[in-house]
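Inside the fold
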Amino acid sequence: MRLTVRPTVFHPRYFMSSERFAEFVGTLDLRRKHVIDVGTGTGILAIAAARSGAETVLATDINPNAVLSVSENACANGVGRRIVTVCMDLLSAFVAAPLFDVIIANVPKHTDEPRDVADRGWHGGPGHCYIIAIFDQAYERLKPNGRLYVMLSSHSDLDLLENAMKLAGFEYRVAEKYSILIDSFILYECTKSVQLTEMARDEEASA
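Described in the following lines is the structure provided in the data block. Here the residue numbering is sequential within each chain, running from 1 through the sequence in written order. Two thresholds apply to this predicted model, a pLDDT of at least 70 for residue-level local features and 80 or more for giving and counting side-chain atom pairs, whereas whole-chain, interface and lining totals are computed over all residues. Note that the side-chain values use all heavy atoms of the structure and ignore hydrogens as well as water.

Attention now goes to the pattern of salt bridges. When a carboxyl oxygen of Asp or Glu is within 4 Å of a side-chain nitrogen of Lys or Arg, the pair counts as a salt bridge. For the structure on display, the rule yields 7 salt bridges. A salt bridge links E23 to R20; the nearest nitrogen and oxygen atoms lie 3.7 Å apart. Taken as a pair, E23 and R20 lie in helix 1 (residues 16-25) at a separation of 3 residues, close to a single helical turn. Between buried and exposed lies partly exposed: a residue is buried under 20% and exposed over 50% of the maximum accessible area for its type, with that area taken using a 1.4 Å probe on protein chains only. Using a relative accessible area of 43% as the deciding quantity, one classes E23 as partly exposed. With relative accessibility at 23%, the residue R20 sits in the partly exposed group. Three or more residues are tied together by salt bridges with common partners; here these are E19, R20 and E23. Think of it this way: any DSSP run of H or I at least four residues long counts as a helix, any run of E at least two long counts as a strand, and we number them from the N terminus.

What follows is the structure in structure tokens.
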């Protein structure tokens with residue numbers, strides 16, 4: 001890919017997680033799928049999704065410079081007509097309705113307080129407080145049997161985040177694991193199971 005990286009935007013050249021995640025997205029069959037890339041950065045995952053056949057791709061980021069980068073990079077890589085960019089925090093600006101088939105998110109993996117908007121690409125706050133809402137938000141906005149793919153790290157609080165997946169209602173599994181010298185990146189597939197959704201509705205109806 002040809003990528004322009006504006007100041008303060010997470011640079012995929014220097015961090016393997018973006019490249020590995022993009023390679024994984026490239027293996028998915030996304031034809032006729034509506035996809036959203038949360039925390040898009042340069043748009044590398046959104047572009048990979050469009051190349052994998054996604055009908056539409058929304059790319060969101062809290063960093064305005066990232067949103068500007070995505071538009072440039074989508075056009076430079078021949079998929080500009082299928083990628084729409086939005087500046088927002090996670091999925092908060094979308095109505096809580098089943099809008100998407102697939103959600104992809106390369107979230108901040110560390111738990112320090114971010115110093116500025118650039119640092120938000122690294123740090124999700126104590127207890128992952130700035131990103132943990134993604135699981136509830138994603139579940140509400142996925143279609144039945146929709147999937148959330150989220151990449152975490154061995155430096156993340158995996159017990160906490162796996163519990164958040166479970167509490168949101170997801171069935172989850174580790175889809176891929178990538179090891180480097182001082183870290184491992186763990187790619188989770190979280191599925192909004194129709195069966196579990198129907199069971200939850202039945203329990204609410206009988207309560």
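Structure's up, so let's keep going.
With that settled, the discussion passes to helix 1. Three or more residues of helix 1 are buried, namely S17, S18, F21, A22, F24 and V25. What you see down the axis of helix 1 is that its buried residues fit within an arc of 160°, all on one side. Whether two residues are in contact is decided by their heavy atoms: any pair within 4.5 Å suffices. Buried positions along helix 1 lie against helix 2 (44-51), strand 4 (100-105), strand 5 (142-153), strand 6 (171-179) and strand 7 (184-191). The reported arc concerns the directions from the helix axis to the C-beta atoms and nothing else.

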